[in-house]
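Tertiary structure, described
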Amino acid sequence: MLAILHPDTPLDSEEYRHTMHFLENLPNVSLRVHEVQGEKQRLTEIYLLGDTKTLDKDEIAALPAVERVIRISEDYRILGRHRDDQRQSGFQYNGVQFGQDNLHVFAGLCAVDVPEHVEMMMQALEQHGQVCTRMGAYKPRTNPYSFQGHGKGCLPWVFEKAGKHGIKVIAMEITHESHIEEIDTCLEKLGRPTGVMLQVGTRNTQNFELLKAIGRQSTYPVLLKRGFGITLNESLNAAEYLASEGNANVVFCLRGMKTEAGNPHRNMVDFAHVPVVKRLTRMPVCIDPSHSVGSREHAPDGILDVMHATAQGVIAGANMVLVDFHPKPEKALVDGPQALLMEELSAYLDDVQLCHETWQKRQALYNRIRIGF
């Protein structure tokens, strides 16, 4: 069961003390208090765990600090929507709002290689009014002899260039909890010129100790990729590991399912699950068309498969796009053959915006039908 308090309820108020005293004395029930800082207000959510089936929902709803009460399922208690559309979704980080209604494009290098390429990428993003990017410093690879990323050695100049070009959020995959400290130490030393969204790759979706470590910090939001060989429900529960440790600022990323049925694409594109994740949870949803498609092949219409896949996800309501670009793909150290070209950036961003506007029009169309117009 979940008790949601009135917005901005003071924690030192008599109403809060009275409410907590009542809840703390319920038999066979433990409490977990979770603070949700929205764009305009702060919400306090109190999770009642244990023998809650016999509790009187109306009695708890009548407590002075309680706005409403929701009975919740066992799965993803914190991140779940629980059929309550009033629950706040999304979060704000470093001046950028992430929610289930807006959209951000994280175009950039799958793996950081040389300063020149990072500079060219960020300069192009600035020229197109973008404030987010992807930059891989730590790269888990199937082959132990493949390039593993420059690690902490590249962080200073990547972060400095991001600040120079007005990039506010960098999606950066980590593979070990020590990487959190490396990123934090570097940002602090530089005066925090930018921000980082910690990315959990598909191989680590069920690395539960790593998820717990990331969840215990609240400085950086998290981009969690769906596991490529597990069910959607298992991946959503992996996201709940982050929230259960305290960090509910999570974006869920669909990146394709590993199956031969997806050939000739690298993975089976799973973007039909965009509205499913938004219905089941409060998380913004990201799509990764680059790793889903994995090539620069195109249809007879001249449009690249990766662009068609992007359109599918955005028209379905995706809130974030993680996509590979590179100034010189032939020199890329990771996934060069699937990277989009710099001269394609303008058209790609226009296409994404067109698809997002189409989703908004579709939403308005069906809302008119739903309310009987």
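Description of the structure in this document. (Residues numbered from 1 in each chain as written. Predicted model: local features only at pLDDT ≥ 70, side-chain atom pairs only at ≥ 80, totals over all residues. Heavy atoms only, no water.)

This paragraph deals with helix α5 (residues 178-190). Compared with the 18 Å implied by 1.5 Å per residue over 13 residues, the 19 Å span of α5 between its first and last C-alpha is a close match. Of the positions making up α5, those classed as buried are H179, I180, I183, C186 and L187. Buried residues of α5, seen end-on, are gathered within an arc of 140 degrees and therefore sit on one face of the element. In α5, the exposed positions that point more than 90 degrees away from the buried face belong to E181, E188 and K189. Looking one or two residues beyond α5, the residue adopting positive phi is G191, at roughly 85 degrees. (Helix = DSSP H or I, 4+ residues; strand = E, 2+ residues; numbered from the N terminus. Expected span 1.5 Å × (residues − 1). Buried < 20%, exposed > 50% of the residue type's maximum accessible area, 1.4 Å probe, protein only. Arc of directions from axis to C-beta.)

The next point concerns the packing of helix α4 (residues 155-164) against α5. Where α4 meets α5, the closest approach of the two axes is 10 Å, and the angle between their N-to-C directions is 50 degrees. Between α4 and α5, the angle falls in the class oblique. For α4 against α5, the interelement crossing comes out right-handed. In this structure, α4 contributes L155, P156, F159 and E160 to the contact, and α5 contributes E182, I183, C186, L187 and L190. Here the contact of α4 with α5 is composed, by residue class, of 7 nonpolar, no polar and 2 charged. (Axes fitted to C-alpha atoms, helices over the stretch in contact; angles between N-to-C directions. Parallel < 35°, antiparallel > 145°, perpendicular 65-115°, else oblique. Left-handed = near helix turned anticlockwise from the far one by under 90°. Contact = heavy atoms within 4.5 Å. Nonpolar A, V, L, I, M, F, W, Y, C, P; charged D, E, K, R; others polar.)

This part takes up unusual backbone geometry. The peptide bond linking N263 to P264 adopts the cis configuration, its omega dihedral lying at 10 degrees. With respect to the element layout, P264 can be found in the loop between β12 (250-254) and α8 (274-280). For R192, which is not a glycine, the phi torsion comes out positive at approximately 50 degrees. Note that R192 resides in the loop between α5 and β10 (195-200). Classification of R192 as partly exposed rests on a relative accessible area of 34%.

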